[in-house]
Amino acid sequence: MAVHEILKMGDPRLLRVAQPIAEFGTPELKALIADMFETMAAANGAGLAAPQIGVDLRLVIFGYTKNVRYPDAPPVPPTVLINPTIEVLDGGRTEGWEGCLSVPGLRGVVERDERIRYTGFDADGTPIDRIADGFHARVVQHECDHLDGVLYPMRVKDFTRFGFTSVLFPELDPASDDD
């Protein structure tokens, strides 16, 4: 396993639409997933998309028991999600603070769908079909945005609620939003 460099906003590779994965269960795919989990853990992330490490594939991982970057967030089950689709369910939209490993040191308020159904596949090609709400739904939407070349600042509507984590949330560990 290896910790990869996380691309930063401004890198054109983060703006591409990622390609679907055609083969599941390969040693290369499993090694990539292991590297992604190690990279996410090293950066205290809640999730990571393959494009964030320069891999142009429709693959996201997410999940944690406790996360220093989001201390009040409930646990999210560790998940490998390949070729995901998201269906919006009832529940409306809600605003919430987001950060991103590709946009270190900054946070912003983003409106997201409160309740979603996400589908896709795990590393072996087993179908995944889950309903998520709240922070879990937010994490899935945030990570899947990366697969379409969208970074959360592109979704910020009110830039009076966008800024440096150290200013907005001084109680957080100052290293928790850095890489």
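See the structure shown above.
Residue numbers here run from 1 along each chain, matching the order of that chain's written sequence. Confidence filtering applies because this is a predicted model: local features only for residues at pLDDT of at least 70, side-chain atom pairs given and counted only at 80 or more, and all residues used for totals across whole chains, interfaces and linings. Side-chain measures here rest on the full set of heavy atoms in the structure, leaving out hydrogens and waters.

Asker: Tell me what's going on with the sheet that holds strand E4 (residues 93-100), and back it up with residues and numbers.
Answerer: Strand order across the open sheet formed by 3 strands is E4-E5-E8, with antiparallel pairing between neighbours. Two strands close off the open sheet at either side, each with one partner strand: E4 and strand E8 (162-164). Taken pair by pair, the neighbouring strands of this sheet meet at an average axis angle of 20°, ignoring direction. Each of E4 and strand E5 (103-113) is contacted by helix H2 (residues 134-146), which is oriented at about 60° to E4, the strand it contacts most. Here a strand pair is declared whenever DSSP counts at least two bridges between the two strands. Each helix is a run of H or I in the DSSP string that is no shorter than four residues. Each strand is a run of E no shorter than two, and both are numbered from the N terminus. For helices, the fitted line uses only the C-alpha atoms of the stretch in contact; every axis is such a line through C-alpha atoms, and the angle between N-to-C directions lies from 0 to 180 degrees. Any two residues whose heavy atoms approach within 4.5 Å are treated as being in contact.

Asker: Which residues make up the nonpolar core, and what values go with them?
Answerer: Put simply, buried Ala, Val, Leu, Ile, Met, Phe, Trp, Tyr and Cys residues joined by side-chain atoms within 4.5 Å make one nonpolar core. Burial status follows relative accessibility: with a 1.4 Å probe on protein chains alone, a residue under 20% of its type maximum counts as buried, one over 50% as exposed, and anything between as partly exposed. If you look at the biggest cluster of nonpolar residues, it comprises 20 residues, and the most contacted ones within it are Val60, Phe62, Leu81, Tyr118, Phe135 and Val140. Here this core takes 5 residues from H2, the largest share from any one element. When sequence neighbours within four positions are dropped, the list of residues in contact with Leu81 reads Arg58, Leu59, Val60, Phe62, Tyr118, Thr119, Gly120, Phe121, Ile128, Val140 and Cys144. If you look at the next biggest cluster of nonpolar residues, it comprises 17 residues, including Met36, Ile53, Ile61 and Ile82.

Asker: Before we move on, can you summarise the packing of aromatic side chains with the specific residues and values?
Answerer: Stacked, edge-to-face and tilted labels apply to pairs of Phe, Tyr and Trp rings (six-membered ring for Trp) whose centres lie within 6.5 Å, assigned for plane angles under 30 degrees, over 60, and everything in between, in that order. For the coordinates displayed, the defined rule picks out 7 aromatic pairs. Taking the centre distance of 6.4 Å and the plane angle of 70° together, the rings of Tyr64 and Phe135 count as edge-to-face. Of the two residues, Tyr64 sits in strand E2 (residues 59-64) while Phe135 sits in helix H2, which places them 71 residues apart along the sequence. A relative accessible area of 7% places Tyr64 in the buried class. Measuring from ring centre to ring centre gives 5.1 Å for Trp97 and Phe169, while their planes differ by 90°; the resulting arrangement is edge-to-face. In this pair, Trp97 is assigned in strand E4 and Phe169 in the segment after helix H3 (165-168), connecting sequence segments 72 residues apart. Given the relative accessible area of 30%, Trp97 is considered partly exposed. These aromatic residues form a ring-pair network of at least three members: Tyr64, Tyr70 and Phe135. Geometry around Tyr70 places Arg107 over its ring, the cationic atom sitting 4.6 Å from the centre. Whether a charge sits over a ring depends on NZ of Lys or CZ of Arg being within 6 Å of the ring centre and within 35 degrees of the ring normal.

Asker: Which residues make up the pattern of salt bridges, and what values do they have?
Answerer: The term salt bridge refers to a side-chain nitrogen of Lys or Arg lying within 4 Å of a carboxyl oxygen of Asp or Glu. This model, assessed by the stated rule, comprises 15 salt bridges. We note a salt bridge from Arg58 to Asp148, for which the minimum N-O separation is 3.2 Å. A residue pair is termed long-range when its members are at least 10 positions apart, and Arg58 in the loop between strand E1 (47-49) and E2 and Asp148 in the loop between H2 and E8 qualify at 90 residues. Judged by relative accessible area, Asp148 falls into the partly exposed class, the value being 39%. One salt bridge in this structure joins Glu95 and Arg161, with 2.9 Å as the shortest N-O distance.

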